[in-house]
Amino acid sequence: MIIIFSALAKRCYGLLLLFTLATLVPAIAYAANRIELSGVTGERKQNIELYLSSIAASEINPSARFKNRVNRDIKLALRGLGYYQVVVDFEDQHKGKDYILRANITANKYVYININDIRIIGGAANDTQFLQLLKNAAPKKGERLHHGKYENYKSELLSLANRKGFFDAKFERTELIVTPGDRRGTVKLFFNSGVRYKFGDITFHGSQINRGRLRSLLTFRKGDDYSARLLGELSQALSSTNWFSSINLEADVENRKDGVLPLRVELAPSMRNIVEAGIGYVSYTTDSKGIRLKGKWDKPWLNDRGHSLSSELALSTPEKKLETRYKLPLRNVTNDYYQFTFRYTDLKDPDTDTDSQEINLAAERNWLLKSGWNRTASLRALYENFIQGSQDDQSILLLPGLSFSRGTNDGSHMPQTADFYSLSMEVANKALASDTDFVIFRGRAGWIGHWTADQRWLVRVDGGVILQEQVLNIPPSMRFFAGGDNSLRGFAYKEVAPLDDKNLFLGGTRLATANLEYQYRLQGDWWLALFTDYGSAWNDQPDWQHSVGIGARWASPIGPLRIDVAYPVNSDINSGLRLHFTLGPEL
């Protein structure tokens, strides 16, 4: 019995092995099988490949049943693009052990739209955005009947209706009639938007800030037309105050009635104290390097009026800096405020021949103008005790100032379009308790544009002038120096500047720099950059410096990370090849 069982077991095992191999053979044999298409290109080929993408290589075979399946999918794919008269001829091919099913497709005649009846009824009938959508996205008479375009237009209608508060919108008629023999199609689409809802009562809950301050952030009122864009702007404005840890805008669409939609804003206070600490490494040039310690203490809100306090301490070998800012928001809290600043700086930088102790006290008033420009009026008191090159002196100044700035971008980390402008002026006069007379002007501008989605360009210009005959009358913190990451790459920080008679850095009363950059996307968020920089800082005659370089850009979640290698061109300043590392906005 034992012998018979063993023989039977061996036989069964052999049969099991043969069965297993038999089931694996088709998978192995058809592992490289494929379907090839001819007679179609572009959108038609892509749509067919999308339909056939669910077919595994192991399923491809020369059977009539499989060919009927492929024939059906090809015709469905082309029908969605308006091609109803389609002929598919199959050809069996073999390449070694691989089987190739070649589909020769004839689809040259499409169905065109003969009757196009699209109507927008209700409150959106004369709405500019709906009319623009009708003009740009709706199917047109005489066009190829494209099912995708038809469905996309329907989706965009509903999406726009939802964003603009037409919450009762619906399609009263959706007909797509095709007569393949005549190659004619009929589109009938009746969209009833209903009424546009208006904002009802707007209430704030959970806030530690008084409601008057919060309501100053509203750009709409009860009775105004609903708009998702306005809700987004309110959320962004609330977030920019730093007063809240969470913000939730609840427009109760499900319980809407009588054309009115109440808005409930749920808020949670941010922490009263936020402390940050960091350690890093600073290296302006060969000598000015070492560990850098940084600490920050923020009090986002001090009282129910939204006053805030921020202090920052930075310690490194060349520079020690303490800065405190007190902000008092006014009626429009994000754009209308007073700010008072105290700053102490102790700078000992042998690379720029600077040894200075600086105390600044400043009062500022900020407005956002209707034109989009930020205007800041300021009064700054400056005491500076310094050694700059061969000069050992001190300066006491009272500086009234006025500045304007404006910046726009498309909101992405690596914007395709952006611009920035800044103009400022400060005045010192002996009649206003200053120990010298001068006027300083500073201007900056930058632009980002693109040729394609993968090609960007960037231009930056920076200039300044001090109306004063003697640079020695100006404290070093207000003189002009060029060179560094955001100035002239290829040169050390503040390396481009006039020298005194002992060949020590003096600083200038004039500044002009320009940066030109081309960027090409390598993959995803990584970009290659080619750039050239040009400029100088001077007193009498400019000594123009020029550099070229190559770099990499990464669109990180916290802003562009830039790594550059630059080299001076025909320069008497022997900087050599220099590496620059920068994190933050490009303009």
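Structure first, text after, so check above.
What counts and how
- The residue numbering used here restarts from 1 in each chain and proceeds along that chain's sequence as written.
- Only residues with pLDDT of 70 or above have their local features reported here, since the model is predicted, and side-chain atom pairs are shown and tallied only from 80 upward, although totals for entire chains, interfaces and linings are computed over all residues.
- The basis for the side-chain values is all heavy atoms of the structure; hydrogens and waters are excluded.
- To qualify as a helix, a DSSP run of H or I must reach at least 4 residues; to qualify as a strand, a run of E must reach at least 2; elements of each kind are numbered from the N terminus.
- We compute the radius of gyration over the C-alpha atoms and compare it with the globule rule, which gives 2.2 Å times the number of residues raised to the power 0.38.
- Burial status follows relative accessibility: with a 1.4 Å probe on protein chains alone, a residue under 20% of its type maximum counts as buried, one over 50% as exposed, and anything between as partly exposed.
- Areas reported as accessible are Shrake-Rupley estimates using a 1.4 Å probe. Residue values count occlusion only from the protein chains shown.
- All tallies of charge rest on Lys and Arg as positive and Asp and Glu as negative; His and the ends of each chain are not included.
- Charge positions come from single atoms, namely NZ of Lys, CZ of Arg, CG of Asp or CD of Glu.
- A pair of strands is labelled paired if DSSP reports no fewer than 2 bridges between them.
- Helix axes are fitted only over the stretch in contact, all axes being lines through C-alpha atoms; the angle between N-to-C directions runs from 0 to 180 degrees.
- Any Lys or Arg side-chain nitrogen located within 4 Å of an Asp or Glu carboxyl oxygen qualifies as a salt bridge.
- Residues are said to line a cavity or pocket when one of their atoms sits within 4 Å of a point; the points come from a 1 Å grid over protein atoms alone, cavities being sets where a 1.4 Å probe fits but cannot get out and pockets being open sets with protein on both sides within 12 Å along at least five of seven lines.
- Grid points are joined across faces, edges and corners, and a volume is the space filled by probe spheres set on the points.
- Three classes are used, and their members are as follows: Ala, Val, Leu, Ile, Met, Phe, Trp, Tyr, Cys and Pro are nonpolar, Asp, Glu, Lys and Arg are charged, and the others, Gly among them, are polar.
- Picture the helix axis, draw a direction to every C-beta atom, and the arc is the one those directions span.
- Residue contacts are defined here by distance: any two heavy atoms, one from each residue, within 4.5 Å place the two residues in contact.
- Patches draw on residues past 30% relative accessible area with no salt bridge. Two like charges within 9 Å are joined, as are two nonpolar side chains (Val, Leu, Ile, Met, Phe, Trp, Tyr) within 5 Å.

1. Structural notes on the overall build of the protein
Okay, step 1: In terms of regular secondary structure, the protein is built from 7 helices and 25 strands.
Okay, step 2: For 587 residues, the compact-globule estimate of 2.2 N^0.38 gives 25 Å, and the protein exceeds it by more than 25% at 35 Å.
Okay, step 3: Taken over the C-alpha atoms alone, the protein extends approximately 105 × 75 × 65 Å along its principal axes.
Okay, step 4: Here the protein holds 587 residues, and the buried ones make up 39% of them.
Okay, step 5: Surface summary for the protein: the accessible area is close to 31900 Å², and the carbon and sulfur share equals 55%.
Okay, step 6: Separation of charge centres in the protein, based on 73 positive and 65 negative side chains, amounts to 10 Å.

2. Focus on the sheet that holds strand 5 (residues 170-179)
Okay, step 1: Pairing is mixed across the open sheet formed by 3 strands, whose spatial order is 4-6-5. Only two strands of the sheet have a single partner each, and these edge strands are strand 4 (112-121) and strand 5. The average angle at which neighbouring strand axes cross in this sheet is 5°, direction not considered.
Okay, step 2: As defined by bridge partners, strand 5 adjoins strand 6 (residues 184-192) across 9 bridges and the pair is classed as antiparallel.

3. Section: the pattern of salt bridges
When their charged atoms lie close together, side chains carrying opposite charge are able to pair.
Okay, step 1: Here the structure, examined in full by the defined rule, presents 32 salt bridges.
Okay, step 2: The salt bridge partner of Lys154 is Glu151, with a shortest N-O separation of 3.6 Å. Highlighted residues: Lys154 and Glu151, both in helix 5 (residues 147-164), separated by 3 residues, approximately one helical turn.
Okay, step 3: Between Arg489 and Asp564 there is a salt bridge whose closest N-O contact spans 3.2 Å. Taken together, the positions of Arg489 in the loop between strand 20 (455-467) and strand 21 (510-523) and Asp564 in strand 24 (residues 559-569) put the pair 75 residues apart, joining distant regions of the chain.
Okay, step 4: Look at Asp564 and you get buried, because its relative accessible area is 3%.
Okay, step 5: It is possible to trace a salt-bridge network through shared partners that takes in Arg489, Glu517, Asp533, Arg553 and Asp564.

4. Concerning the layout of surface pockets
Okay, step 1: Considering only enclosed or pocket space, the second largest pocket measures out at about 940 Å³ in volume.
Okay, step 2: Ser240, Thr241, Asn242, Lys327 and Thr334 are the residues nearest the centre of the second largest pocket, which is lined by 30 residues in total.
Okay, step 3: Taken together, the elements giving at least two residues each to the lining of the second largest pocket come down to helix 7 (228-240), strand 11 (289-299), strand 12 (308-315), strand 13 (319-329), strand 14 (337-349) and strand 17 (391-409).
Okay, step 4: Per element, the largest residue contribution to the lining of the second largest pocket is 4 residues, and it comes from strand 13.
Okay, step 5: Looking at side-chain class alone, the lining of the second largest pocket contains 9 nonpolar, 16 polar and 5 charged residues.

5. Examining helix 2 (residues 42-52)
Okay, step 1: Turning to helix 2, its buried residues are Arg44, Asn47, Ile48 and Leu52. Down the axis of helix 2, the buried set is contained in an arc of 135°. They therefore lie on one face. In this structure, helix 2 carries Gln46 and Leu50 as exposed residues pointing more than 90 degrees from its buried face.
Okay, step 2: The secondary structure elements touched by the buried residues of helix 2 are strand 1 (34-38), helix 3 (64-79) and strand 3 (98-106).

6. Side note on the sheet that holds strand 7 (residues 198-205)
To summarise the sheet geometry, strands pair through backbone hydrogen bonds and adopt either a parallel or an antiparallel arrangement.
Okay, step 1: Taken in spatial order, the 3 strands line up as 7-9-8 in an open sheet, and their pairing is mixed. If you trace the sheet from one side to the other, it starts and ends with strand 7 and strand 8 (244-251), each paired once. Strand-to-strand twist of the sheet, defined as the mean angle between neighbouring strand axes without regard to direction, takes the value 15°.
Okay, step 2: In the packing of helix 7 onto the sheet, contacts are made with strand 7, strand 8 and strand 9 (260-269), and the angle to strand 8 comes to roughly 165°.

7. Focus: a positive patch on the surface
Okay, step 1: Together, Arg211, Arg215, Arg221 and Arg331 make up a positively charged patch on the protein surface.
Okay, step 2: Among the secondary structure elements, Arg211 is positioned in helix 6 (residues 211-215).
Okay, step 3: According to the relative accessible area criterion, Arg211 is exposed, its value standing at 56%.

This is a description of form; function is not addressed.
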